[in-house]
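Given next are the chains, with one letter for each unit.
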Amino acid sequence: MAKAAEKEGCAMKAGKGCLGFFLGPSIMVMAVYLLFNNEGDYLNTAQALDELQPLVQHVENTATPDAALEGKPVHLSGTATTEDVLTDDTYGVQAQGIMLRRNVQYVQWVEKKTKRTGSDTKSTFMTEAEYKRSRDDEWIYSYNLTWVNNPINSATFHNERYRNANYTHYKADTIELWAKNVQLGNYKLTDNQIRRIASDGKRVPPQQVPEALHKHAMLHGEYLFIGHAPEGSSYYPLDPQAPSVGDVRISWRQTSPQRPVSLVAIQKGNRFEPYTATNGAVIDLFYTDTLGITQCFDKARSTNTVNLWMVRMGGWLMFWGAFACMLRPLAGMVPVCRKLAEAGAEVISLLLGTICSLLTISVSWLFCRPVFAALMLLAIIALIWLLMKKQRKPAKAVTRS
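The rules behind these values
Residues numbered from 1 in each chain as written. Predicted model: local features only at pLDDT ≥ 70, side-chain atom pairs only at ≥ 80, totals over all residues. Heavy atoms only, no water. Helix = DSSP H or I, 4+ residues; strand = E, 2+ residues; numbered from the N terminus. Buried < 20%, exposed > 50% of the residue type's maximum accessible area, 1.4 Å probe, protein only. Contact = heavy atoms within 4.5 Å. Areas by Shrake-Rupley, 256 points an atom, 1.4 Å probe, with all protein chains shown as cover. Core = buried A, V, L, I, M, F, W, Y, C linked by side-chain atoms within 4.5 Å. Pairing = 2+ DSSP bridges. Salt bridge = Lys/Arg side-chain N within 4 Å of Asp/Glu carboxyl O. Patch = residues over 30% accessible without salt bridge, like charges linked within 9 Å, V, L, I, M, F, W, Y side chains within 5 Å. Phe/Tyr/Trp six-rings, centres within 6.5 Å; stacked < 30°, edge-to-face > 60°. Lys NZ or Arg CZ within 6 Å of the ring centre and 35° of its normal.

Asker: Explain the overall build of the protein chain to me, please; I cannot follow it from the model alone.
Answerer: Looking only at helices and strands, the protein chain features six helices and 19 strands. A burial count over the protein chain gives 39% of its 401 residues as buried. Of the contacts made within the protein chain by residues no fewer than 6 positions apart, 72% connect residues no fewer than 24 positions apart. Accessible area for the protein chain stands at about 22,400 Å²; split by element, carbon and sulfur atoms hold 58% of it.

Quick look at the structure:
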């Protein structure tokens, strides 16, 4: 691992401050849109699940579709099976299963950038010029040689030694091959349902080196290793334990031909289609597990709640980041007590981000949950009061002096 450093001066901080005032409002607009729609989507999905659950009928016998259930919501649970054999023709790898995935990785230099904040403390033996330089923030660049899923463009690397150091002389795509015919008894799963079957990740070791790569590759365990050729067309000998820049390794994983599944959908002949609720929400429950009707709906509600809070957290972080983009660079230019100013900027950004997030959520709830919206507005008022109280304290201290 190698390291390099770069100082961040006042001019760079001022430039980031200007950029932050353009970037911050844009992030806020996206956060408002994300949070506002998220609340409505959550409520619509919850209402649709409540509407659908009493209508669902369990299908015990999957050998023959029941004509009496045509067009009605049904629940099925059993083993999805396929006889399809999936073949990666390029490398001669094949397996019977629901999915076959080819995963390609490359050896590349990876640049990592971390920030080290300057010190406000002046050493006894430090000159004034050295002290000013030490107050600037410093970016530390480190470089590691590792396996990655995609080639990395090193033309913009900070350290000249590693600039343009990455290359590949062989490229391949990571692909997934899916079975076309997957049955649940005599019911046929749709392409969308097939692609939602979770993989059990079984390895499929390659059996031979393709003819086109006969002199360029070798088999090692579950991988096909392909070497690099700095000059000409002859590939250098490979060492899987100590790969070089540009080396490639390819592996394969399969989803077994038999997987347990459970679903809730509308029966159409021997196939399925999603249920559309009266509020327009679309429900199509599918799980790689053996679940009853209640378990399917419990899991769907749990997923709906998790998605709600994940988007809420994302929106809150976006608001926080937007205010930090505008305030943090300005705080970094404060000549006295810079670290204290930066800490204050972080706290203010956090409070403002929380207030804006709660305000957006409460406004969206005014249309669907007025009681909860009123409680949120009270929480916002309390936060604003705390923020104003925090700002009054320094003013009182100045008056006493």
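Past the structure itself, the notes keep going.
Asker: Honestly, the nonpolar core in this entry has me stumped. Any pointers?
Answerer: Side chains that are nonpolar tend, in soluble globular proteins, to be buried together. Counting residues in each nonpolar core, the largest one holds 20 residues, and the members touching the most others are L76, V182, L189, I197, L263 and F272. At the level of secondary structure, the elements contributing two or more residues to this core comprise β3 (73-81) and β15 (258-268). In this view, I197 contacts A80, I98, W178, V182, L189, T255, R259, V261, F286 and T288; residues no more than four positions away in its chain are not counted. The next biggest cluster of nonpolar side chains, apart from the first, holds 17 residues, and it includes L213, A217, L224 and V248.

Asker: How do you make sense of the pairing of strand β5 (residues 93-96) when you look at a structure like this?
Answerer: A regular strand places its side chains so that they alternate between the two faces of the sheet. Only one face of β5 is buried, namely the one carrying V93 and A95, since none of Q94 and Q96 on the opposite face is buried. Pairing of strand β4 (residues 85-88) with β5 involves four bridges; the strand directions are antiparallel. Along β5, the bridge assignment pairs V85 with Q96. Taking the residues that link successive antiparallel strands as the turn, the β4-β5 hairpin has four residues, and the phi of G92 there is positive, at about 70 degrees.

Asker: Teacher, can you tell me more about unusual backbone geometry here?
Answerer: Working note: non-glycine residues mostly have negative phi, and peptide bonds are mostly trans. Positive phi, close to 60 degrees, is recorded for N164, a residue that is not glycine. With respect to the secondary-structure elements, N164 resides in the loop between β7 (137-148) and β8 (175-178). With a relative accessible area of 55%, N164 lands in the exposed category.

Asker: Just checking my understanding: could you explain the pattern of salt bridges for this structure?
Answerer: Pairing of side chains with opposite charge becomes possible as their charged atoms draw close. By the definition in use, this model includes seven salt bridges. The shortest N-O distance in the salt bridge between R312 and E39 comes to 2.9 Å. In this pair, R312 is assigned in helix α4 (residues 293-332) and E39 in helix α1 (residues 10-52), connecting sequence segments 273 residues apart. Comparing R312 with E39 shows no difference in burial state: the two are buried. Notably, a salt bridge pairs R102 with D88, separated by 2.8 Å at the nearest N-O pair. Taken together, the residues span a long stretch of sequence, with R102 in strand β6 (residues 99-116) and D88 in strand β4 at a distance of 14 residues. Just as R102 is buried, D88 falls in that class too.

Asker: Even after reading the chapter, I still don't get a nonpolar patch on the surface, so can you show me in this structure?
Answerer: Together, F36, L359, V363, L366, F367 and L377 line one region of the surface with nonpolar side chains, adding up to about 550 Å² of accessible area. For F36, the position within the fold is in helix α1.

Asker: Can you walk me through the side chain of T62 in this structure?
Answerer: By the element assignment, T62 lies in the loop between β2 (57-58) and β3. You can call T62 buried: its relative accessible area is 18%. Those residues in contact with T62, other than ones at most four positions away along the chain, are L76, L184, G185, N186 and Y187.

Asker: Please explain the pairing of β15 as it appears in this structure.
Answerer: The buried count for β15 comes to eight of eleven residues, which makes it a mostly enclosed element. In this structure, β3 lies alongside β15, joined through nine bridges in antiparallel fashion. Bridge pairing links S77 to S262 in β15. When β15 meets strand β19 (residues 285-287), the two strands line up antiparallel, connected through three bridges. Across the sheet, S262 pairs through a bridge with Y287, a residue of β19.

Asker: I tried to follow the packing of aromatic side chains on my own but got confused; where do I start?
Answerer: The relation between two aromatic rings is expressed through the spacing of the ring centres and the mutual angle of the planes. What the rule picks out here adds up to eight aromatic pairs. Joined through ring pairs, the aromatic side chains of W109, Y143, F157 and Y162 make up one cluster. Lying across the ring of W147, R249 places its NZ or CZ 4.3 Å from the centre. The lysine or arginine in question, R312, covers the ring of W309, its NZ or CZ lying 4.4 Å from the ring centre.

Asker: Even after reading the chapter, I still don't get the environment of F319, so can you show me in this structure?
Answerer: By the secondary structure assignment, F319 is in helix α4. Sequence separation of F319 and G24 is 295 residues, and the distance between their C-alpha atoms is 8.3 Å. Leaving out residues up to four positions away in the same chain, F319 has contacts with M28, A31, V32, L35, G353, C356, S357 and T360.

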